[in-house]
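Overview (structure and organization)
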Amino acid sequence: MKAQFSDWPLDATDTVIAKLLFGACTEIGYCLSQDDNDRICAMSFDAIGEFASEVMMAEGLSPEMHRDLFRGLCAWVCENRSKFS
């Protein structure tokens, strides 16, 4: 999923990444280890799909094999991005 939005790309200096990771854990159950959180927070993302893929892979899930979960996570990010700004 290569959706572009006005508030993407996100880079490692953007605290929104950490807030999205916290929300993904508390709201939909994608709770990552501190090492994975730190690694993802240090990354930059050109599209929502890139962020969602990293989160899913950190959870041990393949975005390609779990397309429904991938689409659900992308949709959650799209719907909730502004509340984590």
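Details of the structure are given in the entry above.
Residues numbered from 1 in each chain as written. Predicted model: local features only at pLDDT ≥ 70, side-chain atom pairs only at ≥ 80, totals over all residues. Heavy atoms only, no water.

1. Observations concerning the overall build of the protein
For the protein, the count of helices and strands is four helices and zero strands. The linear arrangement of helices and strands in the protein, starting from the amino end, is α-α-α-α. For the protein, the proportion of its 85 residues judged to be buried stands at 39%. In the protein, the proportion of contacts linking residues at least 24 apart, taken out of those at least 6 apart, comes to 63%. As presented, the protein carries roughly 4700 Å² of accessible surface, and 54% of it is formed by carbon and sulfur atoms. (Helix = DSSP H or I, 4+ residues; strand = E, 2+ residues; numbered from the N terminus. Buried < 20%, exposed > 50% of the residue type's maximum accessible area, 1.4 Å probe, protein only. Contact = heavy atoms within 4.5 Å. Areas by Shrake-Rupley, 256 points an atom, 1.4 Å probe, with all protein chains shown as cover.)

2. Comments concerning the state of the cysteines
Any covalent bond linking the sulfur atoms of two cysteines counts as a disulfide. Following the criterion strictly, the structure yields one disulfide and no others. A sulfur-sulfur distance of 2.0 Å marks the disulfide that ties Cys25 to Cys31. Here the S-S torsion is close to 90 degrees, and the disulfide linking Cys25 with Cys31 is therefore right-handed. For Cys31, a relative accessible area of 39% translates into the label partly exposed. Here Cys74 stays free of any disulfide, with the sulfur of Cys78 as its closest cysteine sulfur at 6.7 Å. Assessed through its relative accessible area of 0%, Cys74 is described here as buried. (Disulfide = S-S within 2.5 Å.)

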